[in-house]
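Structural characterization, general
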Amino acid sequence: MLPEILNEQELEEREKKKQEKVEKKEKKAEDKEKAAAKAAEDKQRKAEAAQKRQEAKEQRESEAAKKKEDKAKAAKENEKKKAEELKHKEEDAARKKEEEAEAKEAAKYAAEQRRINKEEEKERKAQEKEEAKQAKEARKEEERKLKEHEKRVRKAKKGEKELTKKGGSGLLCCC
């Protein structure tokens, strides 16, 4: 009976070893599956992270491009504004220059007008002086003629008196 028990024990041990081998294989397969799942998970996580990094990179590039575009737009707008300001400054300068030229011309005209007025005033005064001189001479001439006439009248009266004394008619004219 002892060999039978031994065989049975041996069989049980073999069975046990087989069972352990099968369990080991199953565990190994399970571990392999878990490792494969974990690797797939890691790969998926890495792919998602890479995707996120790519999206973030694209987002940054897009923002940088937009920023660059906005900056270029602002620079263009600023350039346009500066050109407009320069144009206005040039127009203002031209208008100011024109106004100065007009003012200069008006001042020149006014100076010429003053000169003409002075000359006319000078001529008028000279004419008035001449007229006054002529009037004075005419008065002097009148006075001289009057004195001369009075002298003749006096002479004529004196002569008349002498004639009337001598017996004349007394009608003598000095004119």
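Above this text is the structure in question.
Each value, and the rule that gives it
Residues numbered from 1 in each chain as written. Predicted model: local features only at pLDDT ≥ 70, side-chain atom pairs only at ≥ 80, totals over all residues. Heavy atoms only, no water. Patch = residues over 30% accessible without salt bridge, like charges linked within 9 Å, V, L, I, M, F, W, Y side chains within 5 Å. Areas by Shrake-Rupley, 256 points an atom, 1.4 Å probe, with all protein chains shown as cover. Salt bridge = Lys/Arg side-chain N within 4 Å of Asp/Glu carboxyl O. Lys, Arg positive; Asp, Glu negative; His and termini not counted. Charge placed at Lys NZ, Arg CZ, Asp CG, Glu CD. Helix = DSSP H or I, 4+ residues; strand = E, 2+ residues; numbered from the N terminus. Buried < 20%, exposed > 50% of the residue type's maximum accessible area, 1.4 Å probe, protein only.

Overview of a negative patch on the surface
A surface patch of negative charge is lined by Glu20, Glu23, Glu26, Glu30 and Glu33. As for its position among the elements, Glu33 is in helix H1 (residues 2-166).

A closer look at a positive patch on the surface
On the surface, Lys151, Arg154, Lys155 and Lys158 cluster together into a positively charged patch. Along the chain, Lys155 turns up in helix H1.

Here we look at the pattern of salt bridges
In total, this model carries 13 salt bridges according to the counting rule given. Where Asp70 meets Lys66, a salt bridge forms, and the shortest distance between an N and an O atom there is 3.5 Å. Remark: Lys66 and Asp70 occur in helix H1; sequence separation between them is 4 residues, near one turn of the helix. Put simply, Glu121 and Arg124 hold a salt bridge, and the shortest N to O gap is 2.1 Å. A residue pair is termed a helical-turn pair when its members lie 3 or 4 positions apart in one helix, as Glu121 and Arg124 do in helix H1 at 3 residues. Exposure remark for Arg124: the relative accessible area of 36% places this residue in the partly exposed category. Three or more residues are tied together by salt bridges with common partners; here these are Glu141, Arg144, Glu148 and Arg152.

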